[in-house]
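# Residue-level structure breakdown
Residue-level listing of the chains:
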Amino acid sequence: LYNNALILSPGEYIQIRGLDNIPVLFDGSILIQFENLPSLNNFAITNDIEFVTDLSDINMGIFKIKNLLELQLKVDSLKNDTNILSIELSTINPSLGPQ
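Residues numbered from 1 in each chain as written. Predicted model: local features only at pLDDT ≥ 70, side-chain atom pairs only at ≥ 80, totals over all residues. Heavy atoms only, no water.

With that settled, consider unusual backbone geometry. The residue Asn21 is not glycine, and still its phi comes out positive at about 70 degrees. Take Asn21: it is sitting in the loop between strand E1 (14-17) and strand E2 (23-34). In this model, Asp48 sits at a positive phi of 55 degrees, which is unusual for a non-glycine residue. Within the fold, Asp48 resides in the loop between helix H1 (40-46) and strand E3 (50-55). (Helix = DSSP H or I, 4+ residues; strand = E, 2+ residues; numbered from the N terminus.)

Shown next, in the form of structure tokens:
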């Protein structure tokens, strides 16, 4: 099945369970912390992910995985990059309400 894809439009979320088993909302975005901040645009292009937000003050960037069915594959691939210190899913806990 070549056309298997789960692609969320801007503002669309899926519900997943966080590490503490609490339901959270996920839009396909991941936070990546770098040892040395690369060009975030070039990093996104190289890794076939979408650059979302620059958090260069804390050596981080937010990127979106285009096809959520490739999430694990992308994260596993990114883990091989020795410049990456951490990767985490960017989630929203709906039970907390607006901040």
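The gaps of empty space that remain are located by a probe, the size of a water molecule, rolled over the atoms. Taken as a whole, the largest pocket spans an internal volume of roughly 190 Å³. Taken together, Ile16, Arg17, Gly18, Leu19, Val24, Glu88, Leu89 and Thr91 make up the lining of the largest pocket. Of all the elements in the fold, those that place two or more residues in the lining of the largest pocket are E1 and strand E5 (84-92). Sorting elements by how many residues they give to the lining of the largest pocket places E5 first, with three residues. Counted by class, the lining of the largest pocket contains four nonpolar, two polar and two charged residues. (1 Å grid on protein atoms, 1.4 Å probe; cavity = no way out; pocket = protein on both sides within 12 Å on 5 of 7 lines; lining within 4 Å. Points joined across faces, edges and corners; volume = space filled by probe spheres on them. Nonpolar A, V, L, I, M, F, W, Y, C, P; charged D, E, K, R; others polar.)

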